[in-house]
Every structure is written in structure tokens, then in C-alpha cells.
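So you can see what is in the structure, the chains are spelled out below.
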Amino acid sequence: MTVIRGHDVGEAARRLKAGQLVAFPTETVYGLGANALDEMAIQAVFEVKGRPSNHPVIVHVADARAVAAWARAVSTAAKKLMHAFWPGPLTLVLPKHPQVSPSITAGQDTVAIRCPAHPKAQQLLQAFAHITNKNAGVIAPSANRFGQVSPTTSDHVYAEFSKQKTHEIYLLEGASAQVGIESTILDLSQPKAMPRILRPGHIQPKEIAKVLGLKEDEVRFAFSEQRVAQAQDKTQFIPRVSGSLKAHYAPSTPLKLFRRAQLNKMLDQAKGQRIAVVGCGPLNIENQVQRCEWLPAEPKTYATRLYETLRRLDEIGFDALWFEQPAQTNAWTAVNDRLLRAAAAF
Ligand code: TXA
Ligand code: MG
């Protein structure tokens, strides 16, 4: 038994202190946690995930006061954003404090910090700070093997790690992740530059701009298809955000994106195949495919259910999964990003 499931926050905190691994729920996705000051425990997280060492991880803290122990400089903009969105699904990239291990930052001079809102995550971080020190940090990448779909329920985490035999993981049970996709990552590490979004998420450029007194189009996305293409050459390019690898968040069943107008033609061509089709809103083609489902045509509720849907359909064993591509608008950027990367694997 290498995954132990339980509800005991105190036990989870003691295990973190003892250098062991603890998977826990956050409002975005489940994380695989380790004491951010324990080098062996950090290495264990990379090993269990199969994560390359050039992919930096996020330090999770119980509150904004702990940030000074992990970041060398905390700008006014950073303070405003923490005040507005923490605890919550926003990760800030700041100049790193000297105490932060290079294995957390992949040798970069910056560190990503987040304060999660999920009650179980909060309880765990507070309990851990209580028995270690008030500025304690927990590194926690998503609790999935590298490149796989992130987990939004404890059953997903169990399915990911129960077969590995090398490390014991305490899986702290809690309510499923309500946001459903990973946190928005905002780069604030260059004091003179505009903040840049490194990974789109639940918190939108418009909301960030409002807090900082900027115009919406001044908060730009830093990723681009060119960066994604560059990231293919893993030997030369150290990705600042692992989600910027083109094929990420991928199921094992081939995934294709489609537009509604193409669907009839695609159905004609796929006769005899076992296809699951997922609409963005109702589709009404139930009689024509093995499985037809739809997700709400509203980005935040869609995101809540995306990974659960991907994982569930992936397990059934269809020949292909077809997801309808949502609108190309700002509100859908985070969902489109995850869908494009999941489909890029095929
Ligand atoms: O919602 C989340 O952020 C979840 C939960 C568990 O908190 N965590 C998460 O961790 O998604 P992970 O490791 O799957 O993704 C962390 C992302 C990676 O894409 C990594 O490249 C980026 O954060 N990152 C970490 N440190 C960074 C840094 N110093 N500069 C830029 N990106 C960084
Ligand atoms: Mg991840």
C-alpha cells in the first residue's frame, strides 16, 4: 500500500514535518505536497511524478505574511493582488528569497507562490506552520504523473499513484476541487515591466487589471504558439511554465477538437469507430455516436468539470474523444489552453 487515505489534518501536517509526501485538495486541483525546506522530500515529489528537474514548482503558504520568507522583494502590485485574491487561485511569480532551494525554482531567480482557499488546504498549511514555523511553505505540483490530466478528486489522485511502490503518500481527503483547472500564474518578477500571465486560469486579466488600476489589455498573456513550439525541444528550452509544453494535460485516448459546423462530416468519416463526443452546450446527436455528453457553455462551470470528464471518458476506452472547441474569447482562454494542449499530444 503506497497511498494511505485519511481525513486527519494533524497526521498530514506531522508527515510533512517528517519529510513525507502528502496529497491534499486545493480549490484548483489536488496537489502533491512536501516541506519546501526539505531537499529530500522535494526530490521525492519530482521522482514520484516523473517530473523533469527543469520544471519549477509552486510554494504554498497559509497566508500573505509568510511570503516575505520566500520572496526577496514584494512589490506594491503583489501586495494589492494578494489582498484582493488570496486565499484563492492566483499564483504570483516574484524574485526569490535566498533560502529557496534551486530545485524548487529550477535554478531560476524567481519563485512562484500561492495561498490556496480550499478549507482542507488552509487547515493543513496552518497546522504545518503551527508545528514548524509561522512562515512554513509546502511545495505542491498537481498530484498527477508528469504530463497527465490534473486530479480534481481524491479518487483521481489514488488512481494516479496507488500503483507506484517507491514512496508512501498520505492522501488527505476533502471536497473535490471547485475551480477544476490550475491556478492563474502571474509574473510580477520584473518590477519595471507590466505583469504577464504565464498560465491562464480562473482569475482573468480583466480582474487583475482592475486591482492594479491598469487597462485590461495591459495585462497580457506571455505564452504563444511560438513558445509552445520552442518548448518541444526540451533539451534547449527551460520552460518557465510546464503547461507551456505543447502536449500536456493529456488523456491516453486520442483527443480531437471540433467545430460544430464540421461535426456531421466528421461523423460520416468515423463510421464504425467508438467515439465519445462532448459538446460545449447540448448537441443532439445521441443516436449517432457511442456516447454524447455536453458541458455547460459557461467557462467557469465548464472548467470545474473538464478534467473529471476527460478522466472518466478516457477510462472507458473509446477509440477517440471529440471535444467541441469553445469560443475564442478571453473568458475561454484558460479552458481553450487546456483543451489545445490535451489535443496536441495526438
Ligand atoms: O493550481 C495550482 O497551481 C496547482 C495546485 C496544486 O496549487 N499546482 C500546480 O502545480 O498546478 P504544477 O507544478 O502542476 O504547475 C506549476 C506551474 C508549472 O507550470 C511551473 O512551470 C510554474 O508553475 N512555475 C513554478 N515556478 C515558476 C517560476 N519561478 N517562474 C515561472 N513559472 C513557474
Ligand atoms: Mg501540473
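Keep in mind that what you see is a predicted model, and the values were worked out from it rather than measured.

*Asks:* If you had to explain the packing of aromatic side chains to someone new, which residues and values would you point to?
*Replies:* Under the definition given, this model contains two aromatic pairs. Geometrically, the ring pair formed by Tyr249 and Tyr307 is stacked, given 6.2 Å between the ring centres and 25° between the ring planes. In this pair, Tyr249 sits in the loop between α8 (225-231) and β12 (255-258) while Tyr307 sits in helix α10 (residues 299-316), placing the two residues 58 residues apart along the sequence. The residues Tyr249 and Tyr307 share a single accessibility class, namely buried. Judged by centre distance (5.3 Å) and plane angle (85°), the ring pair of Tyr302 and Trp332 falls under edge-to-face. Note that Tyr302 is positioned in helix α10 and Trp332 in the loop between β15 (320-324) and α11 (333-344), a separation of 30 residues in sequence.

*Asks:* Just give me the short version of the pattern of salt bridges, but keep the residues and values in it.
*Replies:* A complete count under the given rule lists 20 salt bridges for this structure. With a closest N to O distance of 3.3 Å, Arg72 and Asp109 form a salt bridge. Residue Arg72 is found in the loop between β4 (58-60) and α3 (76-85), and its partner Asp109 is found in the loop between α4 (102-105) and β6 (110-114); the two are separated by 37 residues along the sequence. Taking the relative accessible area as the measure of exposure, Arg72 reaches 48% and is therefore partly exposed. Between Glu308 and Arg312 there is a salt bridge whose closest N-O contact spans 2.7 Å. Of this pair, Glu308 and Arg312 both sit in helix α10, four residues apart, roughly one helical turn. When salt bridges with common partners are traced through the structure, they connect Glu11, Arg14, Arg15 and Glu168 into a single cluster.

*Asks:* I'd love a proper account of the nonpolar core, names of residues and values included.
*Replies:* Counting residues in each nonpolar core, the largest one holds 48 residues, and the members touching the most others are Leu92 and Ile208. In contact with Leu92, other than residues within four places in its own chain, are Ala78, Leu81, Met82, Trp86, Val111, Ala112, Ile113, Leu186 and Leu188. Among the nonpolar cores identified, the runner-up in size contains 26 residues, and Leu255, Val278, Leu313 and Trp332 belong to it.

*Asks:* How would you summarise α11 if you had to cite specific residues and measurements?
*Replies:* Between its first and last C-alpha, α11 extends 16 Å over 12 residues, near the 16 Å set by a 1.5 Å rise per residue. Buried residues dominate α11, accounting for 10 of its 12 residues.

*Asks:* Can you lay out the side chain of Lys49 for me, pointing to particular residues and giving the numbers?
*Replies:* Following the sequence through the fold, Lys49 ends up in helix α2 (residues 39-49). Glu160 provides the closest opposite charge to the buried, unpaired Lys49, separated from it by 7.5 Å. For Lys49, the side chain forms a polar contact with the main-chain oxygen of Asn144, separated by 2.9 Å. The contact partners of Lys49, leaving out residues within four places of it in the chain, are Leu32, Pro141, Ser142, Asn144, Arg145, Phe146 and Phe161.

*Asks:* Quick rundown of the layout of surface pockets? Include the residues and the values.
*Replies:* Of the voids in this model, the largest pocket is the one considered here, and its volume is about 360 Å³. Along the wall of the largest pocket there are 16 residues; nearest its centre are Ala159, Glu160, Arg311, Asp314 and Glu315. Elements with a minimum of two residues in the lining of the largest pocket: α6 (154-161) and α10. Top contributing element to the lining of the largest pocket by residue count: α10, with six residues. A class-by-class count of the residues in the lining of the largest pocket yields five nonpolar, three polar and eight charged.

*Asks:* Tell me about the sheet that holds strand β1 (residues 3-6), and name the residues and values.
*Replies:* A sheet is described by the order of its strands in space; here 11 strands give the open sequence β1-β8-β2-β3-β7-β4-β6-β5-β9-β10-β11, paired in mixed fashion. Lying at the two open borders of the sheet, with one neighbouring strand each, are β1 and β11 (220-221). α2 rests against β2 (21-24), β3 (31-35), β7 (138-139) and β8 (169-172) of the sheet, and its axis sits at about 155° to β3.

Parameters at a glance
Residues numbered from 1 in each chain as written. Chains lettered and ligands numbered in written order. Predicted model: local features only at pLDDT ≥ 70, side-chain atom pairs only at ≥ 80, totals over all residues. Heavy atoms only, no water. Phe/Tyr/Trp six-rings, centres within 6.5 Å; stacked < 30°, edge-to-face > 60°. Helix = DSSP H or I, 4+ residues; strand = E, 2+ residues; numbered from the N terminus. Buried < 20%, exposed > 50% of the residue type's maximum accessible area, 1.4 Å probe, protein only. Salt bridge = Lys/Arg side-chain N within 4 Å of Asp/Glu carboxyl O. Core = buried A, V, L, I, M, F, W, Y, C linked by side-chain atoms within 4.5 Å. Contact = heavy atoms within 4.5 Å. Expected span 1.5 Å × (residues − 1). Lys, Arg positive; Asp, Glu negative; His and termini not counted. Polar contact = N/O pair within 3.5 Å; in protein donor to acceptor, adjacent residues only side chain to side chain. 1 Å grid on protein atoms, 1.4 Å probe; cavity = no way out; pocket = protein on both sides within 12 Å on 5 of 7 lines; lining within 4 Å. Points joined across faces, edges and corners; volume = space filled by probe spheres on them. Nonpolar A, V, L, I, M, F, W, Y, C, P; charged D, E, K, R; others polar. Pairing = 2+ DSSP bridges. Axes fitted to C-alpha atoms, helices over the stretch in contact; angles between N-to-C directions.

Read these as layout, nothing more, since geometry by itself doesn't imply function.
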